[in-house]
Every structure is written in C-alpha cells, then in structure tokens.
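Chain by chain, the residues run as shown.
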Amino acid sequence: VKGVIPFYEPGLDRLVLKNVEEKRLSFTTSLAEGMKDADVVFIAVQTPMSESGEADLKYVMKVGEEIGELLDDYKVIVTKSTVPVGTNAELKKVIGAKLKNGVAFDMASNPEFLREGSSIEDFMRPDRVVIGVDSERAEELMREIYRPLYLSDTPMVRTGIETAELVKYASNSFLAVKISFINEIAKLAEAVGADVFDVAKAMGLDKRIGSKFLHPGLGFGGSCLPKDTNAIVHIAQEAGSDMSIVRSAIQVNRDIPQRAVAKAERLVGDLAGRKVALLGLAFKPNTDDIRSAASLELVKLLEARGCKLAVHDPAAMENFKLLHPDLNYCQSPYEACEGADLTILVTEWNQYRQLDFNWLSGAMAGKAFLDCRNVYDRPHLEKFGFKYDCFGRADHSSPA
Ligand code: UGA
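Bear in mind that the values here come from a model prediction, so they are computed numbers and not experimental data. (Residues numbered from 1 in each chain as written. Predicted model: local features only at pLDDT ≥ 70, side-chain atom pairs only at ≥ 80, totals over all residues. Heavy atoms only, no water.)

(A) Expanded view of the environment of E190. In this fold, E190 is placed in helix α8 (residues 161-192). On the accessibility criterion, E190 (23% relative accessible area) is partly exposed. Each C-alpha atom, one on E190 and one on L323, is 34 Å from the other, the two residues being 133 residues apart in sequence. Those residues in contact with E190 that sit more than four places away from it in its chain are R259, K263, C390, F391, G392, R393 and A394. (Helix = DSSP H or I, 4+ residues; strand = E, 2+ residues; numbered from the N terminus. Buried < 20%, exposed > 50% of the residue type's maximum accessible area, 1.4 Å probe, protein only. Contact = heavy atoms within 4.5 Å.)

Given below as structure tokens:
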C-alpha cells in the first residue's frame with residue numbers, strides 16, 4: 001500500500017494510512033482473501049446511470065456471483081452501493097444460485113449518506129444509520145459494526161430491505177427537489193424584484209423547512225443527485241407509479257446552464273469571439289469530481305457560441321482535461337481572468353470567495369462578472385466598476 005488515494009477527498013489519505021499502519025485496514029485484489037474470516041461483506045461497487053437513466057447493475061450482480069461461489073460459512077452480505085428497490089432480493093437469488101454447499105447467509109441494505117468533500121465527518125457523525133434486514137442475526141451483526149456510533153447517540157433506523165433501498169432514493173431526490181425548488185424561486189424573485197437570499201433565509205428559519213440545501217445557483221451535479229433522481233423516476237415507472245415532482249426537479253435543473261448563458265449575453269452582448277474565464281470545474285468545492293458538473297454543459301454552450309475559454313480549478317483540471325484537452329488551463333484564477341471580457345464563477349471554492357477585484361478591474365479586458373453561486377454582493381462589485389449578475393437577486397441597477 002502506497003497510501004495514494006486516486007481521487008480528492010480531504011483527510012482520507014491520512015486516515016487510510018493511519019489505519020493501515022495500525023493494522024486495522026488492508027487491501028487486496030483477491031475477493032477470496034478479502035472474504036476469508038469476514039462476518040460481513042460490504043458491496044460498494046459503482047452503479048452508474050445507463051443510457052436510459054436506470055441504474056446499471058452489472059457490477060453489483062457480477063460481484064454477487066463471485067461472492068456466491070466463495071461463500072463457505074455464514075456471512076451478512078451488505079449493499080452499500082445505491083441500488084433500485086428489489087435489487088437485494090435479486091442479488092439474494094444470484095448468490096443463492098452459485099452456492100456450492102447450501103451455506104446460510106443474509107442480505108442487508110445499508111445505504112450511505114456521505115457527501116463528497118466531507119465524507120469523513122459525515123461517516124463519523126451521521127444524522128442516522130439505516131439498516132434494512134430481514135433477520136435478527138443480520139441485525140445483530142450490523143448493530144455490532146455500528147456500535148461505536150451509539151456513543152454519540154446516532155439514531156439507528158431498522159427497516160425491511162426494500163424500505164432501506166427506497167430511503168436512499170427518497171432522501172437524495174428530496175434534496176434535489178429542494179434545490180430545484182429554490183432555483184425556481186430564484187427565477188421568480190428576479191422577475192418580481194425580490195431577493196432569493198432573504199426568501200431562503202426566512203424560509204429556512206422555519207424548522208419544518210430547514211436552511212440546508214436552499215442555495216440557488218447552477219443546480220445539482222455530481223455522481224449522486226442527477227443519477228438517483230433519474231433512477232427513482234424509472235423505479236416508479238416500473239412500479240406503475242409516477243414521480244412527477246422529481247421529473248420537474250430534473251427539468252428545472254437541466255435548464256439552468258442555458259439561463260446562465262443568457263445572463264452572460266446580457267452582461268457582454270454577443271459572445272462570439274469573447275474571452276471568458278471560468279472559475280471552478282468541479283461539481284462542488286472540495287472535490288475533483290466533474291461528473292454531471294454544470295461546468296460541462298456551460299463549456300459546451302459557450303464554445304458553441306464561439307467563446308474563447310480560460311479555466312481554473314484547484315483540483316479538477318486533470319479530470320476535465322481528459323474530456324476537454326484543448327481548453328486554456330490556467331495555474332491561478334487571476335491567470336484565467338487576465339484579458340477576459342467576462343468572468344464566470346462556476347464553483348464556490350474558498351479561494352474564489354475573496355478575489356482581488358481591484359487587480360481584476362485592471363487586468364480584465366471587460367469588467368463583467370457572472371456569479372453563478374451568489375458569493376458576492378452586487379454593490380461590492382459595482383464599486384470596482386463591474387457589471388454584475390447572479391441568480392435570484394433582482395438587478396435594480398440594470399446594466400442590460
Ligand atoms: C449527495 C448527498 O448530499 C449525500 O447525502 C449522499 O450520500 C450522496 O449524494 C450520495 O448519494 O452518495 P454529494 O453528491 O457529495 O452528496 O453532493 P451534495 O453536497 O449533495 O451536492 C450535490 C449538488 O447540489 C452539488 O452540485 C451542489 O453544488 C448542489 N447544491 C447543493 C446546490 O446547488 N444547492 C444547495 O443548496 C446544495
């Protein structure tokens with residue numbers, strides 16, 4: 001083990017190395033070796049979105065077959081991967097069909113609620129742990145695994161397996177709906193001369209609503225919310241039901257990059273031949289993940305309008321280069337903004353929250369700033385002579 005983590009997650013490298021050194025953690029590419037002496041086997045392989053929007057289960061089923069072939073004493077097989085309702089039941093059959101000696105095993109669904117960028121904190125201090133099981137023996141083993149969390153009074157929700165599977169999709173879909181809701185309010189706020197921030201703040205103070213996930217901007221990206229909202233729509237369809245609220249949330253989210261480009265056009269006019277600086281490529285701060293990031297769609301739309309793009313991201317540029325090798329990748333936000341007609345703040349990394357507008361006002365070719373994450377105040381930027389726009393705050397000075 002070299003202690004090298006192939007993706008960016010703050011603190012994970014140290015945590016892994018420490019546990020390897022203290023012999024609590026080891027790695028192997030042999031499933032047989034990994035399963036030897038284990039009481040519980042977690043399946044955490046990916047379930048990517050297939051062309052049609054459903055979760056692709058081929059990796060989960062493949063590992064299920066292999067587990068079935070190797071199982072030689074009682075174990076609990078736990079799905080951590082986000083899988084559609086009914087997958088554990090299916091997996092149980094797949095494993096059962098491969099068993100050589102009729103050995104007993106149980107399934108458990110134990111969905112994860114970690115956020116990229118703060119997954120260690122989310123793991124150590126979760127809001128809840130959901131354990132979906134259909135046997136006492138499996139429940140006991142799962143509770144034993146999570147026993148250290150009892151000390152911090154973490155609520156444990158014990159459910160049936162299908163219920164636990166649905167909890168995961170319902171939770172992520174609800175978060176997505178919340179984000180799309182506030183993004184629609186942002187659009188309405190612009191139209192009626194209101195301020196979405198104050199609306200969100202006042203709404204969030206109602207404990208039944210809560211203040212989290214009410215930040216308007218470019219909408220939800222990443223490997224989870226876009227995938228899981230599409231998957232629940234499919235799950236519902238197959239069950240003869242409809243998730244019309246989630247379908248609307250997906251549509252609202254899809255339209256946002258286009259709105260951002262329209263705002264850019266209002267700030268600088270025709271975009272053809274304009275130099276545009278994009279600050280942030282990751283789907284959110286503190287990650288190098290660009291899956292379903294709004295930046296991808298923005299780059300596509302801006303390039304189609306003939307913009308020359310200069311981009312910066314503290315962690316995600318290498319990943320972005322794999323898809324867009326020909327962009328102008330810059331070493332700092334300032335290098336990206338130099339000579340630009342317009343700067344677009346795409347991801348609210350900390351280092352973009354305190355930009356030197358004095359310097360920028362001299363170094364940019366045009367003074368226009370589109371703040372897609374609503375980090376700055378209009379009056380602050382106007383002080384430096386910038387034309388400014390964001391999402392959900394009526395533009396009373398109206399540069400357009
Ligand atoms: C999400 C969930 O928050 C986790 O609970 C869940 O475990 C995880 O998916 C998963 O299924 O594995 P994550 O994808 O890491 O976590 O990211 P979030 O923090 O949920 O953010 C998702 C997207 O929504 C980002 O693009 C973010 O910029 C956007 N967002 C978030 C907003 O636009 N507004 C907000 O108020 C909050």
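(B) Focus on the pattern of salt bridges. Scanning the entire structure with this criterion turns up 31 salt bridges. The shortest N-O distance in the salt bridge between K93 and E90 comes to 3.9 Å. Of this pair, K93 and E90 both sit in helix α4 (residues 87-98), three residues apart, roughly one helical turn. One network of salt bridges, with partners in common, ties together E190, R259, K263, R266, R378 and D389. (Salt bridge = Lys/Arg side-chain N within 4 Å of Asp/Glu carboxyl O.)

(C) Focus on the sheet that holds strand β11 (residues 387-390). Strand order across the open sheet formed by six strands is β8-β7-β6-β9-β10-β11, with parallel pairing between neighbours. Two strands bound the open sheet, and with one partner strand each, they are β8 (328-329) and β11. (Pairing = 2+ DSSP bridges.)

(D) Spotlight on the site of the ligand. Residues in contact with the ligand amount to 21 residues; listed here are only the nearest, E112, F113, L114, E116 and K168. Take E112: an N or O atom from its side chain is 2.6 Å from an oxygen atom of the ligand. Between an oxygen atom of the ligand and a side-chain N or O atom of K284, the distance comes to 2.9 Å. Out of a free accessible area of 710 Å², the ligand has 92% covered by protein chains. Secondary structure elements with two or more residues in the shell around the ligand: α8 and α10 (225-238). It is α8 that contributes the most residues to the shell around the ligand, four residues altogether. Class assignment of the residues belonging to the shell around the ligand gives a composition of ten nonpolar, four polar and seven charged. (Near = heavy atom within 4 Å. Polar contact = N/O pair within 3.5 Å; in protein donor to acceptor, adjacent residues only side chain to side chain. Areas by Shrake-Rupley, 256 points an atom, 1.4 Å probe, with all protein chains shown as cover. Nonpolar A, V, L, I, M, F, W, Y, C, P; charged D, E, K, R; others polar.)

(E) Expanded view of helix α6 (residues 136-145). For α6, every residue scored as buried is listed here: A138, E139 and M142. All buried residues of α6 project into a common sector of 100 degrees when viewed along the axis, lining one side. Projecting away from the buried face of α6 at angles above 90 degrees are the exposed residues E136 and E140. Contacts from the buried residues of α6 go to β1 (40-43), β2 (75-79), β3 (105-109), β4 (129-133) and β5 (156-159). (Arc of directions from axis to C-beta.)

Interpretation note: all reported values are geometric properties and have no functional meaning in isolation.
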